[in-house]
Amino acid sequence: MPTISLEDKHLTVLNLFTTDAPEKQESLIREMRKIVDAATYEGWMSSTVHAGVDSPGTANFIQWRSGEDLEKRYSADEFKHRTLPVFGEITTSIRLLQNEVAYALPGPGSDTIEIGPHLGVYTSITVYGVEAENQDELIDALGAGQAGIVDAPAFRAHVVLKGLRARGLEGSFVVSYFQWDTKEAYEAHRDQDAQTWPIGRQKAQARIDAVATSVDGNTYNVVHTRAAGE
């Protein structure tokens, strides 16, 4: 089962697709499952498919051994002449984000972060735009600055990804990847009155607001995963 770790130093690719109808989301998921189940690409390690909840779309959390392996995949005829055209027909946007894990916080009583449908977690993914000179500040504010979130009810895990390069997204970026036990727990945390926030959360949010140039996110349920060798 795939795990997320600060120590592994894998290339983490987050492919985010949006669409305009639930039935197109189902088509996206079918196509992504086919690709994941047939994957034998050199350097490919795992893929985990997420189905959008708040808005129609998908997220594919992919681990690669290196950027060189990923570029071989992108330059292959199959990707350029079949994969992209198929997805282009059923999506309203495609963002292919290359990242490294910059921060990883497991929940209480755990020292690892797993991803997969067997967990039954509710996942939120948020992409923050940021000026290049403020990227490290945003990573720290989202990660270590919010470490107290580990005490939030039903918190499962938090990962911050440092954006390296992207297709379909201009400028520098940082990604926040949260796991919660339930949708209700996530929404209770999200909708909590800011005046009642712990002081650490207030300070972290002020830092985030000071440097983030854009915020765009969705919530997901994990529907499929596969790792190399399975």
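Provided above is the structure to which this section pertains.
The following refers to the structure shown. Everything numeric here is computed off the predicted structure, so don't read it as measured data. (Residues numbered from 1 in each chain as written. Predicted model: local features only at pLDDT ≥ 70, side-chain atom pairs only at ≥ 80, totals over all residues. Heavy atoms only, no water.)

## Considering the pairing of strand β2 (residues 11-18)
Consecutive residues of a regular strand have side chains that alternate between opposite faces of the sheet.
Here is step 1 of the chain: Extensive coverage of β2 is indicated by the burial of seven of its eight residues.
Here is step 2 of the chain: Looking at chain direction, β2 and strand β4 (residues 57-64) are connected through eight bridges and run antiparallel. In the strand pairing of β4, threonine 12 is matched with glutamine 63. (Buried < 20%, exposed > 50% of the residue type's maximum accessible area, 1.4 Å probe, protein only. Helix = DSSP H or I, 4+ residues; strand = E, 2+ residues; numbered from the N terminus. Pairing = 2+ DSSP bridges.)

## Some words on the sheet that holds β4
Here is step 1 of the chain: A barrel is described by the order of its strands in space; here eight strands give the closed sequence β2-β4-β3-β10-β7-β9-β8-β5, paired in antiparallel fashion. Direction aside, the axes of adjacent strands within the sheet are offset by 35° on average.
Here is step 2 of the chain: One ladder, built from nine bridges, connects strand β7 (residues 122-130) with strand β10 (residues 212-227); its direction is antiparallel. What sits directly across from valine 127, in β10, is aspartate 216.
Here is step 3 of the chain: Where helix α2 (residues 67-75) meets the sheet, its contacts fall on β2, β4, β5 (93-106) and β8 (155-167), and the angle it forms with β2 comes to roughly 35°. (Axes fitted to C-alpha atoms, helices over the stretch in contact; angles between N-to-C directions. Contact = heavy atoms within 4.5 Å.)

## Notes on the environment of lysine 9
Here is step 1 of the chain: Mapped onto the elements, lysine 9 comes out in the loop between β1 (3-4) and β2.
Here is step 2 of the chain: Judged by its relative accessible area of 67%, lysine 9 is exposed.
Here is step 3 of the chain: Expressed as a C-alpha distance, the spacing of lysine 9 and tryptophan 64, which sit 55 residues apart in the sequence, is 9.7 Å.

## Section: the nonpolar core
Here is step 1 of the chain: Core analysis: the biggest nonpolar cluster contains 19 residues, and Leu138, Leu142, Ile149, Phe155, Val174 and Trp180 have the highest contact counts within it.
Here is step 2 of the chain: By residue number, the principal contributor to this core is helix α4 (residues 135-142), which donates four residues.
Here is step 3 of the chain: Here leucine 142 is in contact with Tyr128, His158, Val160, Val174 and Ile208, once residues within four sequence places are set aside. (Core = buried A, V, L, I, M, F, W, Y, C linked by side-chain atoms within 4.5 Å.)

## Examining the pattern of salt bridges
Here is step 1 of the chain: On inspection of all chains with the given rule, the structure shows 15 salt bridges.
Here is step 2 of the chain: It is possible to trace a salt-bridge network through shared partners that takes in Glu42, Arg65, Asp69 and Lys72. (Salt bridge = Lys/Arg side-chain N within 4 Å of Asp/Glu carboxyl O.)

## Structural notes on helix α3 (residues 77-90)
Here is step 1 of the chain: In this model α3 runs 20 Å from its N-terminal to its C-terminal C-alpha over 14 residues, within 8% of the 20 Å that 1.5 Å per residue would give.
Here is step 2 of the chain: Taken as a whole, α3 carries its principal kink of about 30° at leucine 84; the proline proline 85 stands between one and four residues after it.
Here is step 3 of the chain: Looking at α3, one finds that the buried residues are Phe79, Thr83, Phe87 and Ile90.
Here is step 4 of the chain: Among the structural elements, β2, α1 (22-38), α2, β5 and β8 are those in contact with the buried residues of α3. (Expected span 1.5 Å × (residues − 1). Bend = angle between axes of the 7 residues up to and from the residue.)

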